[in-house]
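A closer look at the structure
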Amino acid sequence: METYSLFINGEFIPAAAGETFESINPFNGEVTGLFARGQAADVDKAVKAARKAFDEGPWPRMTGLERQAVMQQIADKLEAHAKELTAMEIADSGSTFRKAKGDLWNCNKHFRYFVDLAASDLSESLDALSHQGVSNNRIYREPIGVCAQIIPWNFPLQMAIWKLGPALAAGNTVVLKPAEETPLSAMAFAKLLAETDLPPGVINIVTGFGKEAGEALATHPLVDKIAFTGSTEIGKHIMACAASGMKKVTLECGGKSANIVLDDADLPMAVDGSLFAIFFHQGQCCTAGSRLFLQDGIYDEFMTRFLEKARQIKLGDPADKATDMGPLVSKKQQERVLKYIETGKKEGAECILGGNIPQDASLAHGCFVEPTVFVNVDNTMAIAREEIFGPVLVVQRFKTLDEVIQKANDSIYGLAGAVWSQDAKKALSVAKALRTGTVWINEYHLVSEKAPFGGYKQSGIGRELGLEGLKEYTEIKHIHVDEIGDRQKKFWYDSVLASPKPVAAG
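The structure contained in this document is the topic of the report that follows. Starting from 1, residues in each chain are numbered consecutively following that chain's sequence as written. Thresholds applied to this predicted model are a pLDDT of at least 70 for local features of residues and 80 or more for the giving and counting of side-chain atom pairs; totals over whole chains, interfaces and linings are not thresholded and use all residues. With hydrogens and water excluded, all non-hydrogen atoms of the structure serve as input to the side-chain values.

1. What to know about unusual backbone geometry
Glycine aside, the phi torsion of most residues is negative, and most peptide linkages are trans. Positive phi outside glycine occurs at N9, with the angle close to 55°. Examined against the element boundaries, N9 turns out to sit in the loop between strand 2 (6–8) and strand 3 (11–13). Here the term buried applies to any residue with accessible area under 20% of the maximum for its type, exposed to any over 50%, and partly exposed to those in between, with areas from a 1.4 Å probe on protein chains only. According to the relative accessible area criterion, N9 is partly exposed, its value standing at 39%. The phi torsion at N376 lies on the positive side, around 55°, for a residue other than glycine. Numbering goes from the N terminus for both helices and strands, where a helix is a DSSP run of H or I of at least four residues and a strand is a run of E of at least two. Relative to the assigned elements, N376 resides in the loop between strand 16 (372–375) and helix 12 (382–385). The exposure class of N376 is exposed, given its relative accessible area of 53%.

Okay, structure coming up:
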């Protein structure tokens, strides 16, 4: 079992208190590694290293092309070590082989997108603004400073890349805190960073628990921006932490996405897409299609086909290429999902598939929950309103488009959703009516590095990926240069001072 230290100012160091914690493989209960338990003193050291690297170091002062060259080294390391990083994601998070392999492919693709953007000139020229004549006006985008980045456990390395890519491309420095459940790939990535020309202090990685390390990071006075992905509840707390220092925040939080199947949909495709929408990564996705809305005309046939295929989902060792669904990330998450299943039954919903821990002896040590489907659900039930983050689907039927749009939007969340239809015009009209940041038509879960990703309502603030994602890591500065030549400049107070003074009466 390997021991991993904190990565601060380009060096690997133990936690100040000397404490460590274990990361557990959710399939077999084995320890994947021993990690330094960073706390407030360690966060302080990391933030000060990032602060010095930003205020005095070369990184924000490099040209975009110079930063690009270093980022290219990082991208090459990611690609060269994809195989071992894939194995780490499987062991640490319960990701299936197919999911983890796809994650590493996305890591490389998404990071290289920001490598390309690192050399971009985001400044803009404006028309004359001076009320007295010609002026030169330019909008500049500059790095924000020290960025705290707090990432979740469902896509450990991919979420790190989503945040590091734009932050680095814009010239910022970073303190990254991985989730305590899944620190393995982030610390392996730190070892790769140490083999590049990245200046010390530009990226610092502190492992530890939310209350001890995350809170210290979010409240640190030298942090300029906080980027967080996780639950809405914790996102609200992050906002509160940021308020005292007026820190910029980017929040990608919870979801309860509506997956809408119209009665003119291509049924085989919609069934397969809906299975993928909810059971991909055991439903542990913020975009999971956890609310399935079926139009009356196809309800019965769709459910027959869907349940037949859902019963064939293979649960097993996530490292096995034949496995469709692995374990949930932890016993704690397993218990949370099972509690929601019991709540759904008590609320009067009908569980027509799954709802239990599988009894297969080969799965006994894993944090498994069967693929679960509820029907006879209405929008007042907790299982229809709250994010479960597990393989639990709630199904509702509808008659009209107006009805389903109202039901889909009746949620505090607005992260993603989908529409299945062979009528492109109708599907687009429904998609535009949904109050959510991403809508797929005849597709699910695909995310492009070129398109902004984020949510409406309590699903978050700001966007990741795309040019918008890069801009989230910049400050905007307007510089106005007046070009009046030899003309005499007149300011408003000139006329006031030149006016004759009133003479007192009498």
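Past the structure itself, the notes keep going.
2. Description of the sheet that holds strand 6 (residues 124–126)
As summarised here, the arrangement of the 3 strands in space is 6-7-23, forming an open sheet in which the pairing is antiparallel. Because the sheet does not close on itself, it has two edges, and the strands there are strand 6 and strand 23 (474–482). For this sheet, the mean inter-axis angle between neighbouring strands, taken without regard to orientation, is 25°. The pairing of strand 6 with strand 7 (residues 135–143) spans 3 bridges and is classified as antiparallel. Strands were regarded as paired on the criterion that DSSP finds at least two bridges between them. Orientation is described by axes fitted as lines to C-alpha atoms, over the contacting stretch for helices, and by angles from 0 to 180 degrees between their N-to-C directions.

3. Thoughts on the side chain of Q333
Examined against the element boundaries, Q333 turns out to sit in helix 11 (residues 331–347). Only heavy atoms enter the contact rule, under which two residues are in contact if any of them lie within 4.5 Å. Setting aside anything within four residues of it in sequence, one finds Q333 in contact with W153, Q284, L328, I388 and F389.

4. Let's talk about the side chain of R291
Among the structural elements, R291 can be located in strand 14 (residues 291–295). For the buried R291, no salt bridge is present, and the opposite-charge side chain at shortest range is D410, 6.7 Å distant. Separated by 3.2 Å, the side chain of R291 and the backbone oxygen of K407 make a polar contact. When sequence neighbours within four positions are dropped, the list of residues in contact with R291 reads K256, S257, A258, N259, N379, A384, L393, V394, K407, A408, D410 and S411. Only four residue types enter the tally: Lys and Arg on the positive side, Asp and Glu on the negative side, with His and both chain ends excluded. Every case where a carboxyl oxygen of Asp or Glu lies within 4 Å of a side-chain nitrogen of Lys or Arg is listed as a salt bridge. Throughout this description, a polar contact denotes any pair of N or O atoms lying within 3.5 Å of each other; where both atoms belong to protein, one of them has to be capable of donating a hydrogen while the other can accept it, and for residues adjacent in sequence the pair is counted only when both atoms sit in side chains.

5. With respect to the pairing of strand 7
In terms of strand pairing, strand 7 meets strand 23 through 9 bridges, oriented antiparallel. Bridge pairing links R141 to I476 in strand 23.

6. Here we look at a nonpolar patch on the surface
Patch building starts from residues that exceed 30% relative accessible area and form no salt bridge, then joins like charges within 9 Å and nonpolar side chains (Val, Leu, Ile, Met, Phe, Trp, Tyr) within 5 Å. Per-residue and other accessible areas were derived by the Shrake-Rupley procedure at a 1.4 Å probe size, with only the shown protein chains allowed to occlude residues. Where nonpolar side chains cluster on the molecular surface, the patch consists of M1, I24 and V31 and spans about 270 Å² of accessible area. We classify I24 as partly exposed; its relative accessible area is 36%.

7. A few points about the nonpolar core
To define a nonpolar core, start from buried Ala, Val, Leu, Ile, Met, Phe, Trp, Tyr and Cys residues and group those joined through side-chain atoms within 4.5 Å. Judged by nonpolar contacts, the single largest core of 95 residues is most densely connected at F302 and F306. Residues in contact with F306, not counting those within four places in the same chain, are V271, S274, L275, I278, F279, V373 and L393. In this structure, A36, A50, C241 and A242 belong to the second largest nonpolar core, which totals 28 residues.

8. With respect to helix 8 (residues 232–243)
By this rule the span expected of a helix is its residue count minus one, scaled by 1.5 Å. Helix length check: helix 8 (12 residues) gives 17 Å between terminal C-alpha atoms against 16 Å at 1.5 Å per residue, within 8%. For helix 8, the full list of buried residues reads T232, G235, I238, C241 and A242. For helix 8, the angular spread of the buried residues around the axis is 165°, confining them to a single face. The outward face of helix 8, more than 90 degrees from its buried face, is lined by the exposed residues E233 and A240. Those residues of helix 8 that are buried lie in contact with strand 8 (146–150), helix 7 (210–219), strand 11 (225–229), strand 12 (248–252) and strand 18 (413–414). This arc is taken over the directions from the axis of the helix to the C-beta atoms.

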